[in-house]
Amino acid sequence: MADGSPIEWTEATWNPVTGCTKISPGCKHCYALRMSMRLQAMRQPNYRNGFDLTLQPQALELPLRWKKGRRIFVNSMSDLFHEGIPEEYIAQVFGVMHRAHWHQYQVLTKRSERLAEIAPRLEWRPNIWMGVSVERADYMYRIDDLRHTGARLKFLSLEPLLGPLPNVDLSGIDWVIVGGESGPGARPMDPNWVTEIRDQCRSARVAFFFKQWGGVRKKRTGRQLDGRTWDELPGIATQERAR
Ligand code: SF4
């Protein structure tokens, strides 16, 4: 678990599982894979298996030790709904999120089918934000899978955005994050794709967060859109509705 995070939309990370396997085009330049290999080379014990899926039960209760409430990205180095993670273990992670209820938890998956399958057996408290990643229009079905869960606050991570998404069904969605790919080999993002999504969010009154343009040097391209940053978070109204 790390207090503070370079990821713009969260405040801390907690990894009760590490490692994953690639599942769709958005995974091509997976940041977690690159970082895991680096941490393995540095002999960080949690990364002794590199990017192989590894449960980290010793990390399970860490949020309980953090007394000040934070927004925590759960499994930034894995995917909590990976087929190799036993359902009982996922339930244990949810159990900790219930007990350490003073934090907000951001869970993000590309495995929306497994999420949909398990969701009815999970308890969805208002402090658990559930999101799916969608990189291209042919993965929009993940949004329907998310919509049909009992998650009280639902969000989309459209990153790395690899194509236009002109008709996103935003019903029941509270928050949208958009970002371009960054790092070596980054695939380009057309600015029109971004403004199109921003405008859909505004019409649907959904909070919009623009993370970055990306590119090989993301500091250079920055995160301004139409002359300003977009750092909206799901609003009080949304959270009131979730209670
Ligand atoms: S699902 Fe996420 S963590 Fe897993 S390989 Fe793809 S991008 Fe990486």
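**Student:** Just to check I follow, could you spell out helix H1 (residues 31–41) for this structure?
**Tutor:** Count 3.6 residues to each turn of an α-helix, and residues three or four apart come out pointing the same way. Among the residues of H1, those classed as buried are Ala32, Met35, Ser36 and Leu39. Around the axis of H1, the buried residues are gathered within 105 degrees of arc, so they sit on the same side. Of the residues flanking the end of H1, it is Arg43, one or two places downstream, whose phi is positive at about 65 degrees.

**Student:** Sorry if this is basic, but what is going on with the nonpolar core here?
**Tutor:** Grouped burial of nonpolar side chains is what soluble globular proteins tend to show. Within the largest apolar cluster, 56 residues are counted, with the highest numbers of intra-cluster contacts made by Phe81, Leu156, Val176 and Val178. Looking at this core element by element, the count peaks at six residues for helix H3 (residues 87–99). Formed by 11 residues, the second largest nonpolar core is a distinct cluster that contains Trp129, Phe155, Ile177 and Phe209.

**Student:** Just checking my understanding: could you explain the pairing of strand S9 (residues 175–179) for this structure?
**Tutor:** Successive residues of a regular strand alternate their side chains across the two faces of the sheet. When you tally the buried positions in S9, you get five out of five residues, the bulk of the element. Two elements, S9 and strand S10 (residues 207–212), share five bridges in a ladder whose sense is parallel. Across the sheet, residue Ile177 finds its bridge partner in S10, namely Phe209. A crossover links S9 with its parallel partner S10, the connecting element being helix H6 (residues 191–204), and its sense is right-handed.

**Student:** What is the right way to read the pattern of salt bridges from this model?
**Tutor:** A side chain with one charge can pair with a side chain of the opposite charge if their charged atoms come near. For the structure on display, the rule yields 17 salt bridges. When the shortest N-O distance is used, the salt bridge between Glu159 and Lys211 registers 2.8 Å. Linking Glu159 in the loop between strand S8 (153–158) and S9 with Lys211 in strand S10, this pair joins segments that are 52 residues apart in sequence. For Glu159, a relative accessible area of 17% corresponds to the buried category. In this structure, Arg198 engages Asp226 in a salt bridge whose closest nitrogen and oxygen atoms are separated by 3.1 Å. In this pair, Arg198 is assigned in helix H6 and Asp226 in the loop between helix H7 (218–221) and helix H8 (236–242), connecting sequence segments 28 residues apart. Look at Arg198 and you get buried, because its relative accessible area is 7%. For Asp226, a relative accessible area of 55% puts it in the exposed group. A cluster of three or more residues bridged by salt bridges with shared partners is formed by Asp79, Glu83 and Arg111.

About the criteria used
- Residues numbered from 1 in each chain as written.
- Predicted model: local features only at pLDDT ≥ 70, side-chain atom pairs only at ≥ 80, totals over all residues.
- Heavy atoms only, no water.
- Buried < 20%, exposed > 50% of the residue type's maximum accessible area, 1.4 Å probe, protein only.
- Helix = DSSP H or I, 4+ residues; strand = E, 2+ residues; numbered from the N terminus.
- Arc of directions from axis to C-beta.
- Core = buried A, V, L, I, M, F, W, Y, C linked by side-chain atoms within 4.5 Å.
- Pairing = 2+ DSSP bridges.
- Right-handed = clockwise from strand over helix to strand, strands pointing away.
- Salt bridge = Lys/Arg side-chain N within 4 Å of Asp/Glu carboxyl O.

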